[in-house]
Amino acid sequence: MKRSLRSWLWRVPIDQEIDEELALHIEMRTRELIDRGMDPHEARESAISRLGDVRRLKREMAGLGRKRDREMRLTLWLEELRDDVKFAFRQLKNSPAFTLVAVLTLALGIGANSAIFALVDATLLRPLPYGQPDRLVTIWETSDATARGFASPSNMVDWKARNRSFESIAAFTPGVGSMVVSGRDGNAETVSRQWVTAGIFDVLGVKPVAGRTFLPEDEQQMARRVVISEGYWETRFNRDPSVVGSDIKMDGRLYTVVGVAPKEFEILGRTSMWAMQPFPRNLPPRARAAYQLQVVGRMKPGVAIQAAQSDLAAVAAGLATEYPEFNKGRTVTLEPMHDTMIGSDLKVTSMLFVGVVGFVLLICCANVANLLLARATARGRELAVRSALGAGRRRIIRQLLTESVVLSLIGGVLGVGVGAAILQVTPVLIPEGLLPATVTLAFDLRVVGFCAIAALIVGVVFGIAPAFQATAVSSTEAMGADTRTTTGGGGRIRGWLVVGEVAMAVLLLFGAGLLLRTLLAVQSYDRGYRAESVLTMLVDPLNSSYPTPARLQQFFDQVEAEVRAVPGVADVGWSSALPLGESLYGDFALTYEMVGDPPVEEARKPTTDYQVVSATYFSTLELPIVAGRGFDARDTKDSPRVCIVNEAFSRSLGGRNPIGMQVSFRVAGSPTDKPNVGEIVGVARQVKRRPDEPRDFVQIYVPMAHDLSDDVLMLVRSKTGRADALTPAVRAAISRIDKEQLVSVASVTTLEDVEWKATGRQRFRAVMVTAFAVLAVLLAMVGVFGILAYSVQQRMRDFGVRRALGATTNDVLRLVVGDAVRVIVTGAAIGLVLSALSGRLIVTLLFGVQPLDLTTFAMVTIVVAITAALSIAGPAWRAAHVDPAVVLRSK
Amino acid sequence: MTTPSKTPNALLHGALDALILKTLARGPSHGYAVARFIEDTTGDAVLVEEGSLYPALYRLERRGWVEAEWGTSELGRRAKLYRLTGAGRTQLEAEMATWRRFSAGVSKVLFST
């Protein structure tokens, strides 16, 4: 090291170095030759010529010299770095309290950010796990009613045949349904199943892990074929290769297993198998109005999405003129498949978290910067000595920055641990369905890399101000000065840092407040029914075992009677859907019109939700019938069609009494379907379908006897206590009726759990943001405490003098608290203004609360006031108890 | 470009480095002095091509075997003096050992009877 340093200090420009060296050589050689008796002129010529081509020589030496210098600079730099790092470690070891606080603060900040980075990385940043994913687009069928609607099979088939931009097009049903598999051992089992078209695996470019995927021949033969998922293959068949090619009986029909699809295919839906839905060219006309498919296309290489869009739009326009009765006003919209899979809710949630943890990290930086500033003041003399000994300002700044980067790297290492810990906990919180099916959060090398980069940047960010601040004082000033009297610039920066911290903490608190109010709003609305103590389960008999509706009805009646006899059971009901839960029919809507009203154009008809329930459904849920009657024994298979509507439906009639009116309804967008007509016999209390639905939804209940389906949800209300305690008894009761075990019982849960799940997203956001906001407030208050404690420490003597001169405790307190209050009030005011400006950004995540919610403003102010008071109390107490005699006597 | 008659004592590849290191082992000196010392010691039996001496010195400096500093020449002028480093000394010993083995081997063949 000494070598490089010395040669470095004496370095002259390389060309000059070479010129001088060669000139000396030539001169000495000339002298030598003259001494030997050569003529001076000739001697010089000879000396030069002995060097050969001097210009080439110089060029060669210059090249070597430059390389040498570059390497020496690097070596020197590395050596300085090593010294700085060593020195930094020594410094940190000498002040363990400072180091501990700073490192922990940084670890929290970096850890929180790394966990959120893992979430964002897994969802937003990574491409879909398919080959050339940027060529994959979702093709939505759009109309006036929906901007992102599902497509009908006939339209999909025609798009595929007529476009010029796509390699291929395929589709799947958006929902995952279930089928009953009769196992070889005779036991029935409900497995999840998703319908797909034959080409879906080819469009996505997914290769099977065993067997094959669907072939065009499968589609032409209208064969019943399934591809099972790798997970199901593993858990159910223990990866037995002989499953491929075998038949399994599902819903009473035989399906051939043709292959096994790898895990990444499950991104379409978390399911055990994909069953092929064949769509031959000659579909019945009404298939053009069955909007049920989510369509995916793989664009040809080099085709831009806009070009594909206009190509397909032209095809759709052609279809609209060809089939006006179905396709008038319908066109297509293309969207990158990645966007479809991620969903706007996840995107907004991720960005919200990124913003929140970003602020937390800034607060951490501000806190550590504050600590460093305080230390820099204390180290003023040390730095002054170093500078007097010849270290330049740049050199000292570099050394101080090295210290802060070392600090933040230690914080980053611990942050990796904190982040891993957060990721251990969060999966429990993440609501079902927010992440695409196969996305799992992993703490991988990318996250570690993120931590490293974050730590480096953070180290420079919080280190730069203190470093410049520390070196701003001239050395004579600092060395001559008494350490007690350093205030000025450093103090001002520190004040503003704390103002910034308080402002950011207030902003986060405010966001957390809004999200908590949203959570409260979705949890504490008037449900209309009593959710406590209700057990639900899916009862799904094989349709071959109960071939007729009468047999099926008989089975359900027997089960109901048997379960009702179970001790502790208060009531038993049946339904096709659960409040706040999923409907077995999926999310399609029905259009309706009142019989006798003037006819309305199909596209403008109002829509309603459709639910099939037993007579006992209302009593089981304690859902009141507010007018007319509920269903009862009069409503049998052969009785006149009746229905019950909800309050929103009733209100839509404009004050007319619904009881006795006839309503006609059918599946939306299928004008050829024969409509159902029924008499409204009652009005039920309004219930929610989604916890955060913007308006009350319209609903029609139909008696189970009129629309019997072979999978039904059973609801059991217990007399007292927890409903899930009844589970074994109820299951036993069912198997007493279903002696041959041909009925599958699945999805056993309680209504309270269904509700808990339904509000999962709101809870996830509220919990996460609140946790980070609390952290932010704590950190900010540590910041307030820090500068206050420091300034009290610095001014003890001042206070002592004041007390000695007759100032009261109150006078001193006013001095101390006044400063702190100024900082906090300024910060809080800025924070509240920022909150008011930025509340709009999360308006899509809010429900039941406005972005400018006054209650939240008030709560935030109160929280800040209380925590501020706590952080001020200690230093203030200390200042108030100054003993003039003690302080003045000490130096 | 060289014929045996003209440069009967052309240096074997790598030997120049060893000679320079050996020269500097006596003490720091500038480039001309190195050249002179080699010429004088070998009695002009080995011709040091001056065009390759300086690049060799720079290469050795870059490898850390010699280091350079500004000193004063016999003429009272500023001169760049080269000095052997610790690493250079080790390298010199290694080269000497290699050379000894090499020349012993070659001699054995050439002077065998």
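Just so it is clear, the structure is predicted and the values come from calculations on it, not from any experiment.

*Asks:* It is not clear to me how the overall build of chain B should be interpreted in this structure. Could you clarify?
*Replies:* Counting its secondary structure elements, chain B contains four helices and two strands. When its helices and strands are written in sequence order, chain B yields α-α-α-β-β-α. Across the 113 residues of chain B, 30% fall into the buried class. Restricting to contacts in chain B with at least 6 residues of sequence separation, those with at least 24 account for 51%.

*Asks:* What is the right way to look at the overall build of chain A in this model?
*Replies:* The helix and strand tally for chain A stands at 28 helices and 22 strands. Within chain A, the proportion of its 891 residues that are buried is 41%. Of the contacts made within chain A by residues no fewer than 6 positions apart, 84% connect residues no fewer than 24 positions apart.

*Asks:* It is not clear to me how the pairing of strand E2 (residues 166–172) of chain A should be interpreted in this structure. Could you clarify?
*Replies:* One face of the sheet, then the other: side chains in a regular strand alternate in exactly this way. All names here are of chain A. Burial analysis of E2 places five of its seven residues in the buried class, which makes it a mostly covered element. In this sheet, strand E10 (residues 294–299) lies alongside E2 in antiparallel orientation, the contact comprising six bridges. In the strand pairing of E10, alanine 171 is matched with valine 295.

*Asks:* Help me understand the environment of methionine 156 of chain A, please; the structure alone is not making it clear to me.
*Replies:* All names here are of chain A. Within the fold, methionine 156 resides in helix H6 (residues 153–162). Overall, methionine 156 belongs to the buried group, with 24 C-beta atoms counted inside 10 Å. Taking the C-alpha atoms as reference points, methionine 156 and alanine 170, separated by 14 residues in sequence, lie 7.8 Å from one another. Those residues in contact with methionine 156, other than ones at most four positions away along the chain, are Ala151, Ile169, Ala171, Leu293 and Val295.

*Asks:* Sorry, what's going on with the interface of chain A and chain B here?
*Replies:* The accessible area lost on association of the parts is a frequent measure of interface size. In this complex, chain A contributes 22 residues to the contact, which on the side of chain B involves 21 residues. The biggest single contributor to the side of chain A that touches chain B is helix H4 (residues 54–94) of chain A, with eight residues. Of the residues that constitute the side of chain A that touches chain B, the class distribution is seven nonpolar, four polar and eleven charged.

*Asks:* Looking at this model, I keep getting lost on helix H10 (residues 305–322) of chain A. Mind explaining?
*Replies:* Side chains that are three or four residues apart share a direction in an α-helix, a result of its 3.6 residues per turn. All names here are of chain A. For H10, built from 18 residues, the straight-helix expectation of 26 Å at 1.5 Å per residue is met to within 8% by its first-to-last C-alpha distance of 25 Å. All buried positions along H10 are accounted for by Ala308, Asp311, Leu312, Val315, Ala316 and Leu319. One face of H10 carries all of its buried residues, which in axial projection span an arc of 135°. Opposite the buried face of H10, at more than 90 degrees from it, the exposed residues are Gln306, Ser310 and Thr321. Lining the buried residues of H10 we find strand E1 (136–142), H6, E2, E10, helix H11 (324–327) and strand E11 (331–336).

*Asks:* Is there a simple way to explain the nonpolar core in this structure?
*Replies:* It is characteristic of soluble globular proteins that their nonpolar side chains tend to be buried jointly. All names here are of chain A. Ile139, Ala171, Val227, Cys643, Met714 and Val716 are the most contacted members of the largest nonpolar core, which has 115 residues in total. If near-sequence neighbours (up to four positions away) are discounted, alanine 171 is found in contact with Ala151, Met156, Thr197, Ile200, Leu293, Gln294, Val295 and Val296. Membership of the second largest hydrophobic core comes to 103 residues, among which are Ala88, Val418, Phe450 and Leu845.

*Asks:* Honestly, the packing of helix H24 (residues 760–794) of chain A against helix H26 (residues 809–838) of chain A in this entry has me stumped. Any pointers?
*Replies:* Any two packed helices are characterised by the angle at which their axes cross and by the distance between the axes. Residue and element names in this part refer to chain A. Where H24 contacts H26, the axes come no closer than 11 Å and their chain directions differ by 150°. Taken together, the axes of H24 and H26 are roughly antiparallel relative to one another. Note on packing geometry: the crossing formed by H24 with H26 is right-handed. Seen from H24, the contacting residues are Val784, Leu788, Ser791 and Val792; seen from H26, they are Val816, Asp819, Ala820, Val823 and Ile824.

*Asks:* Please explain the packing of helix H2 (residues 14–35) of chain A against H4 of chain A as it appears in this structure.
*Replies:* Residue and element names in this part refer to chain A. Running from N to C, H2 and H4 point in directions that differ by 130°, and their axes come no closer than 10 Å. By the criterion of interaxial angle, the relationship of H2 to H4 is oblique. For the pair H2 and H4, the sense of crossing is right-handed. From H2, Ile14, Asp15, Glu17 and Ile18 reach across to H4, where they touch Lys58, Met61, Ala62, Gly65, Arg66 and Asp69.

*Asks:* Honestly, the environment of glutamate 501 of chain A in this entry has me stumped. Any pointers?
*Replies:* Residues and elements named next belong to chain A. The topology assignment puts glutamate 501 in helix H18 (residues 489–523). Taking the C-beta count within 10 Å as the criterion, glutamate 501 has 31 such neighbours and is therefore assigned buried. A sequence separation of 135 residues divides glutamate 501 from alanine 366, and the C-alpha atoms of the two residues are 6.8 Å apart. Those residues in contact with glutamate 501 that sit more than four places away from it in its chain are Ile363, Ala366, Asn367, Leu779, Ala780, Gly783 and Gly827.

*Asks:* Looking at this structure, I do not really get the confidence of the model for chain B. What am I missing?
*Replies:* Reading predicted coordinates in detail is not appropriate for stretches of low pLDDT. Residues and elements named next belong to chain B. Counting all residues, the mean pLDDT for chain B is 81, and 84% of those residues have values of 70 or more. Low pLDDT, under 50, characterises residues 1–10; the stretch is placed with six contacts to residues that sit more than four places away or in other chains. For this predicted complex, the interface score ipTM comes out at 0.85, alongside a pTM of 0.75.

*Asks:* Honestly, the environment of leucine 508 of chain A in this entry has me stumped. Any pointers?
*Replies:* Note on placement: leucine 508 of chain A falls in helix H18. Overall, the presence of 28 C-beta atoms within 10 Å leaves leucine 508 of chain A in the buried class.

*Asks:* So what exactly am I meant to see when it comes to unusual backbone geometry here?
*Replies:* Excluding glycine, a negative phi dihedral is what most residues carry, and trans is how most peptide bonds are arranged. Residues and elements named next belong to chain A. In the Ramachandran plot, glutamine 132 falls in the positive-phi region, its phi being about 40° despite a non-glycine side chain. Looking at the secondary structure, you find glutamine 132 in the loop between helix H5 (96–125) and E1. Phi at glutamate 622 takes a positive value of approximately 55°, unusual for a residue other than glycine. Along the polypeptide, glutamate 622 turns up in the loop between helix H20 (617–621) and strand E16 (625–628). What makes glutamate 622 partly exposed here is the crowd of 16 C-beta atoms within 10 Å.

*Asks:* Help me understand helix H14 (residues 380–388) of chain A, please; the structure alone is not making it clear to me.
*Replies:* All names here are of chain A. Looking at H14, one finds that the buried residues are Gly380, Leu383, Ala384 and Ser387. In an axial view of H14, the angular spread of the buried residues amounts to 100°, which keeps them on one side of the axis. Glycine 390 sits one or two positions beyond H14 and adopts a positive phi of about 110°.

*Asks:* For this particular structure, what's the right way to read the confidence of the model for chain A?
*Replies:* All names here are of chain A. Per-residue confidence for chain A averages 83 on the pLDDT scale, and 92% of its residues sit at or above 70. When mean pLDDT is taken per element in chain A, strand E17 (residues 642–646) scores highest with 93 and helix H1 (residues 2–9) scores lowest with 44. This stretch, residues 481–488, has a pLDDT under 50; its non-local contacts, to residues over four places away or in other chains, come to seven contacts.

Conventions adopted
- Residues numbered from 1 in each chain as written.
- Chains lettered and ligands numbered in written order.
- Predicted model: local features only at pLDDT ≥ 70, side-chain atom pairs only at ≥ 80, totals over all residues.
- Helix = DSSP H or I, 4+ residues; strand = E, 2+ residues; numbered from the N terminus.
- Buried ≥ 20, exposed ≤ 12 C-beta atoms within 10 Å, placed from the backbone.
- Contact = placed C-beta atoms within 7 Å.
- Pairing = 2+ DSSP bridges.
- Nonpolar A, V, L, I, M, F, W, Y, C, P; charged D, E, K, R; others polar.
- Expected span 1.5 Å × (residues − 1).
- Arc of directions from axis to C-beta.
- Core = buried A, V, L, I, M, F, W, Y, C linked by C-beta atoms within 7 Å.
- Axes fitted to C-alpha atoms, helices over the stretch in contact; angles between N-to-C directions.
- Parallel < 35°, antiparallel > 145°, perpendicular 65-115°, else oblique.
- Left-handed = near helix turned anticlockwise from the far one by under 90°.
- pLDDT = per-residue confidence, 0-100.

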